[in-house]
Amino acid sequence: MTDTAELSSEERGAQEAELREVWRTPSGWRYWTSVNNSDIGLWYGSAAFLFMLFAGVLALLVRVQLAVPDNDFLSADTFNQAFTLHGTVMMFLFAVPIFEAVAIFLLPSMLGARELPFPRLSAFGFWSFALGGVFVCGSILFGAAPNTGWFMYPPLATDKEYSGIGADIWLLGLSFIEVASIAAAVELIVGIMKCRAPGMRINMMPLFAWYLLIVAGMILFAFPPLIAGDILFEMERMFGWPFFDAARGGDPLLWQHLFWIFGHPEVYIIFLPAIALMAMIAPTFAQRPIVGYSWIVLAAVGTGFLSFGLWVHHMFTTGLPQISLAFFSAASEAVAIPTGVQIFVFIATMLAGRVIFSVPMLFGAGGLAIFVIGGLTGVMVALVPVDWQAHDTYFIVAHLHYVLIGGMLFPVVAGIYYYYPLLNARKLSDRLGKIAFWLMFIGFNVAFFPMHLAGLRGMPRRVFTYPADIGWDWFNLISTIGAFIFAAGVTIVVVDVLRPKHRQPKEEQNPWNAGTLEWISEPEEKWGVRSIPIIRSRYPIWDQPGLVEDIKAGRYYLPDAKDGARETLVTSVLDAEPLQCLRVGGTSVLSILAAFSLGGVFIALTFHWWIVTAACAVITLVAIVAWLWTGTAVIPRDEMRDVGLGKTLPLYMSGPQSVGWWAMFITMAGDGTAYASLIFGYFFYWTIHNDFTGGHAGPGLLWPLAAAGLFTLAWLAMLLARRVNGGDRPALTRLLLLLSLLLTLAAGGAGLAGPYFAGMDPTVHVYPAIVWVVTLWTVVHGGVGIVMQLYCLTRSLAGRMDRHHDMDLRNVVLYWHFLVITAITSFGVLGLFPELR
Amino acid sequence: MRLIPKEIESLWTLFTAPTIWALHFLACYITAAIHCAKADAAASLGTTRLVLGIITVAALTGIALSAYLAWRQWGFGSGDPPHDEPTRRDRLLFQGFATLLLSGLSFVAVLFVAVPLVFIGACQP
Amino acid sequence: MFSDWDIGAIFDRDTIDGASLPAHKSEPYRLRISIGARAISRRALPILLAPLSGCSGVQSALAPAGEEAAAIFQLLLVMVVGGALVWFAVVGLLLHAARRRKAPWTEEQASRLILFGGVAFPVAVLLALLVYAVWLMPVIRPWFTRQTPEPEMIEVTGEQFWWRIRYPAADGMPAFQTANELRLPVGERVAFSLKAADVIHSFWIPALGGKMDMIPGRTNTLSLLATKTGVFRAPCAEFCGTSHALMAFSVIVMERADYVAWRRAQAMGDGTGGREGERLFAFHGCAGCHGIRGTASAASLGPDLTFFGQRQTVGAGALANTAENVARFIRNPDAVKPGAKMPAFDMLADGEITAIADYLVGLK
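Before we move on, can you summarise helix α6 (residues 207-239) of chain A with the specific residues and values?
Residues and elements named next belong to chain A. Here α6 contains 33 residues, and its C-alpha end-to-end distance of 47 Å stays within 8% of the 48 Å for a straight helix at 1.5 Å per residue. The principal kink in α6, of about 25°, is found at I219. Most of α6 sits inside the fold, with 29 of its 33 residues counted as buried. In the stretch just after α6, G240 is the one whose phi turns positive, near 75°.

Would you mind going over the interface of chain C and chain B in detail, with residue names and values included?
With 16 residues of chain C at the contact, the number on the chain B side is 13 residues. Here chain C meets chain B over a buried area of about 1300 Å², counting both sides, of which 76% is carbon and sulfur. At the junction of chain C and chain B, the tally comes to zero salt bridges. Summed over the shared surface of chain C and chain B, the number is one residue pair in polar contact (both at pLDDT 80 or more). With 10 residues, the single largest contributor to the side of chain C that touches chain B is helix α4 (residues 107-140) of chain C.

Can you break down the domain arrangement of chain A residue by residue, with the values?
You can read the domains of chain A as domain 1 (357-504) and domain 2 (664-836). When each unit is reduced to the centre of its C-alpha atoms, the spacing between domain 1 of chain A and domain 2 of chain A is 48 Å.

So what's going on with the nonpolar core? Residues and values would help.
With 423 residues, the main nonpolar core has L107 and F243 of chain A together with L182 and F203 of chain C as its most contacted residues. The leading source of residues in this core is helix α7 (residues 252-286) of chain A, at 23 residues. Two domains each donate at least three residues to this core, and these are domain 1 (357-504) and domain 2 (664-836) of chain A. Apart from residues lying up to four places away in sequence, F203 of chain C is in contact with V156, W163, L182, F192, L194, G210, K211, M212, M214, L222, L224 and F249 of chain C.

Tell me about the state of the cysteines, residues and numbers included.
Going through the model one piece at a time under the given rule, you end up with one disulfide over all chains. With its sulfur 2.0 Å from that of its partner, C36 of chain B forms a disulfide with C123 of chain B. Since a negative S-S torsion denotes a left-handed disulfide, the C36 of chain B-C123 of chain B link at about -80° is left-handed. Taken as a pair, C36 of chain B in helix α1 (residues 16-38) and C123 of chain B in the segment after α3 (88-119) lie far apart in primary sequence, 87 residues in all. Both residues of the pair, C36 of chain B and C123 of chain B, count as buried. Left unpaired, C236 of chain C is separated from the closest cysteine sulfur, that of C240 of chain C, by 3.8 Å. In this structure C236 of chain C comes out as buried when scored by relative accessible area, which is 1%.

How would you summarise the sheet that holds strand β1 (residues 153-159) of chain C if you had to cite specific residues and measurements?
All names here are of chain C. Taken in spatial order, the five strands make up an open sheet running β3-β2-β1-β5-β8, and their pairing is mixed. Unpaired on one side and paired on the other, β3 (176-179) and β8 (220-225) mark the two borders of the sheet. This sheet shows a mean twist of 25° between the axes of neighbouring strands, independent of strand direction.

An account of the interface of chain A and chain C is needed here, citing residue identities and associated values.
Contact residues are listed per partner, giving 91 residues for chain A and 97 residues for chain C. The contact between chain A and chain C buries some 7900 Å² in all, and 71% of this surface belongs to carbon and sulfur atoms. Among the residues chain A hides against chain C, the three largest losses belong to L351, Q389 and W474 of chain A. Together they make up 10% of the total. Counting across the interface, chain A meets chain C through two salt bridges. Across the pair D251 of chain A and R218 of chain C runs a salt bridge whose closest N-O atoms are separated by 2.6 Å. Across the chain A-chain C interface, the total number found is 14 residue pairs in polar contact (both at pLDDT 80 or more). Examining the composition of the side of chain A that touches chain C, we find that 10 residues originate from one element, helix α10 (residues 336-351) of chain A, more than from any other.

Tell me about the sheet that holds strand β9 (residues 230-235) of chain C, and please be specific about residues and values.
The strands making up a sheet are joined through hydrogen bonds of the backbone, oriented either antiparallel or parallel. All names here are of chain C. As summarised here, the arrangement of the three strands in space is β4-β10-β9, forming an open sheet in which the pairing is mixed. On the outer flanks of this sheet lie β4 (181-185) and β9, each paired with one strand and no other. Averaged over neighbouring strand pairs, the angle between their axes works out to 25° when direction is ignored. Lying over the sheet, helix α5 (residues 256-268) contacts β4 and β10 (248-254), oriented at roughly 135° with respect to β4.

Could you give me a rundown of empty space enclosed by the protein, with the residues and numbers involved?
Residues and elements named next belong to chain A. Throughout the structure, instances matching the rule amount to 13 cavities of 30 Å³ or more. Of the pockets and cavities examined, the largest cavity occupies roughly 100 Å³. Contributing to the lining of the largest cavity are 14 residues, with L207, A279, M280, T516 and Y539 lying nearest its centre. Top element by residues in the lining of the largest cavity is α7. It accounts for four residues. Within the lining of the largest cavity, the residues separate by chemical class into 10 nonpolar, three polar and one charged.

Rules and cut-offs
Residues numbered from 1 in each chain as written. Chains lettered and ligands numbered in written order. Predicted model: local features only at pLDDT ≥ 70, side-chain atom pairs only at ≥ 80, totals over all residues. Heavy atoms only, no water. Helix = DSSP H or I, 4+ residues; strand = E, 2+ residues; numbered from the N terminus. Expected span 1.5 Å × (residues − 1). Bend = angle between axes of the 7 residues up to and from the residue. Buried < 20%, exposed > 50% of the residue type's maximum accessible area, 1.4 Å probe, protein only. Contact = heavy atoms within 4.5 Å. Buried area = accessible area lost by both parts, 1.4 Å probe. Salt bridge = Lys/Arg side-chain N within 4 Å of Asp/Glu carboxyl O. Polar contact = N/O pair within 3.5 Å; in protein donor to acceptor, adjacent residues only side chain to side chain. Domains from an automatic or database assignment. Core = buried A, V, L, I, M, F, W, Y, C linked by side-chain atoms within 4.5 Å. Disulfide = S-S within 2.5 Å. Pairing = 2+ DSSP bridges. Axes fitted to C-alpha atoms, helices over the stretch in contact; angles between N-to-C directions. 1 Å grid on protein atoms, 1.4 Å probe; cavity = no way out; pocket = protein on both sides within 12 Å on 5 of 7 lines; lining within 4 Å. Points joined across faces, edges and corners; volume = space filled by probe spheres on them. Nonpolar A, V, L, I, M, F, W, Y, C, P; charged D, E, K, R; others polar.

Written out as structure tokens, the structure is:
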């Protein structure tokens, strides 16, 4: 509550008009240039759902082909494209994006904020994802879809003759999604950690936010190994660099490691946000706060960490030593503990409350029942001997669908039924919801339960047909029937969502009487929250009387938009004390432009149109620089802003407190993980060969050490530049930037000189190839460093960066910390390791 | 023991125990993998098992220490969850409790990962 | 009609002579709906009986005929029963929680449920399972160089889309190569050296034990101990290309005496020559890829065809072994197995193809 004078209703109306104007979504075709989280969230979710339906149809085609033995409904090749695309689309274009959509849509209002900190980054992520998705899905219409499984094992997938352009489409199409996911990770971590409403301490944060924080961290460490693997894979396909070719010293197993280091955390990245929805839904319908808030935090963090120790359980049959397999079996069993804790938290909450029936709870409970079966079969196959029989059979197909559909799809549908009123001020239909549930529940079990038996009776995965009389006929026919029943249920959900509802009366706000903040937001308004509240409870709507009214009356922070900017508050990590008034990006065409031109780079690379690739790369660079120039580190007219309730906060922050610095740090953590994966590859080859150099000369000692030394000097110059800039010596700052730039150029040259003068040919053996990849990675990052130096130089010359406003330079120096570590590691390893081993 | 402050003003300490688990896991896997990659399939794991056993004891000790510190931050169990009051004290208690729970999980997880060291003594596939 | 489900035939799979493995029908099925009381009851009966006959099958991990498969089956059974109990308990509790109308539990009671149900009980059970399974691993897959007598090593190489099998020299018999069929002595441990010629395949005899991948550039080893005689089927268990689904080898487990006799015959080959089919075989270039011991054909690019008539299937599990199917395969291998590396021979006269087919089927 406020102790300043009450405003008149006219003044309040003026405030609302300001807010509405500033937060307005443009109309006409400019609608698509919106970056507002509610628009982006809606588009993201809709696109993800469309891709899901597409992948679902592919699954139905697969089931029709398998309904009877020796069927010829689909040719073998079409079938292989269908199941590959089904898996790829479901995992990359539905399961991960749907939670990004939900998070982008819900989190700001759930946290009491107006927006996420980087709205244009969200928009960029969405457009990247949409373009990549259309590209990948469209390929099947040309018979050019990837056809070697969603996991694309070499050498089958690197064999140009067999896998055709489909593999390139997979690799490059996925690059979009990887970019979008890292962008989402940055957004979520910064948003959850720094943009909560004042008073929303770390122990009061909604559990959905806890889960998504952990998931964002997981994305940061799980996706980059896949990115590194994709780079190696595409280099092999495009240029013949033999990373996975045994004849030239490579090893298909390296791909399996990199893919599954991504692949296993990926399924938890998919599962945790969906369970997070249940953590929001269960308390509402048990009509009490959750029992075991800290247990959920345990479960989320525990699962997040342990899930990174499971990946080799996808490789139990590859002939690795039993001791290695057993470690992963142990971790796979251990991860069942935090997973189970969550289930018991929901049951405990229900037992300690008074449960009322609702469609969301129906889907939640049904999903749980299905998920537990999947969890139990997971415990079974986590044991190595059992997996030696079950691996690559329909038993695994059954297991994975039980955990994903029970643990993810059902909770997501529960979430749709629960949160629909936030979109549309109306509820979805109870009647249709119940019918859909039973069709989905029964259909799913009829479809997938028999697969456990078919698998143990010997039916392998990924088979386009099977012989009659081997004993699988009935299982498959029943599965197909079940699949269609399940599809009917999904169709009813789609119908319920899309049916016109203008005749249906609107619900009052918060129709479920939930306790958390997202239920304050009004679907018609674009401003997120009318004013940013002070929070004193985990369930503010239940525990803070008059809260909703006060927020709507603008009695809290930032009730207006005096300077015509989109603003939200930055608060401290642990206790959410207000620190800064953050101006976030508004409607912009640059996000779409950057996404499409980056898309152009990937698409052109797929078809080897080198000139188009280069042109698109240039456009992307220009778009990103323009985006940064116009929208970040803007020096404000006034240093401070009166945010209300007698508080003034700074508008500009630089250094470790600023969101931009955090974004750089988080991005570089992801980048560093991808780099670490390449270094892992280097040492992996050392472990599998007696002489991993294959007798080929290395880059020597001189050039690598020179490169490391020059990069270090360039970094020191950057440190000096930052210090000098703080001392208000712009001319010297610019000189140091220039010096650093020249040193970087020299460093890059030295780095390339090593393998070049040693005559290392990367197509001949994997050793030259891996040396070149590590070198090129480092040098390219040096190049990015040069672009950043030029940017800082220009900003300084243009008066957009000075002694007090040095965010650009500080963020760039942060980048340089990561770069110098990379450079020293790269050239140290490349130069010294061949000598030392 | 004021070397380590009782009131933790960082979120990072929440991850202490799971990080120890992760380092222990990596130590076990990498050591065994390199040992077996450079030896042949019949080779015994020999002293590697002993070394990893010692590392296991060190990890368990580290986690126990982290558990003790968390327990201390939690006020030695003086207050029961939920710690949902809008006060700094409750925030600290929550951190202590959650860190304690994570220490317990990490302890169990390290024990699980050490089980293979007991039963498998050679590099066979 | 839907494919016929012959309950009786399932139990016949254990005989060696005259046994036939399920193979793909020559003509594809059309999915047609048929209504009628007789048709319905004909289908209803199998559904009801399926669970009873459910576990057997030539390719079933639930009908163990080997030591590893038996141990795993036992473990699986215990976990299925235990898992079912856990599921009923959890879902029962969930339903109870959803419907309860009396006074709610206190937070303390509810927290205790989380501690015991979510932590204490799972930790105990999971630890027990883990300890047992980790102990079991080196027991069922012992390192065979430590065993006496050291088991002999059969080399199996996965190719797109068939299996190259090389038996080593032993007991005065020379080494020899065969394809798509493995014969093993019952009650003795045999080791396999597993390789891949092109892409990743996987070696899996479900009735005998778990699988082991065949990875280009690596040689994996697996050893199995068959405990029952019989005919079994072993599918490829790693997606390897278009016809991955049509790649399986047969496994015949025999008494030692029969096994030795078979090996001796295989090593010597079939020396009776002079057949028309044999002449055509050489004339039309078949001998350029396929070897037949006892004749002049000694190539080994493609599958070895010595004693082809004894084999269970044509094309590594694709078709049943009849002269008609062999002729069909020769005419156009790609139509039977999309992506097969063997070129089509439909330019030959029908009579010649039939002669070659008869010759091959006659090699017994």
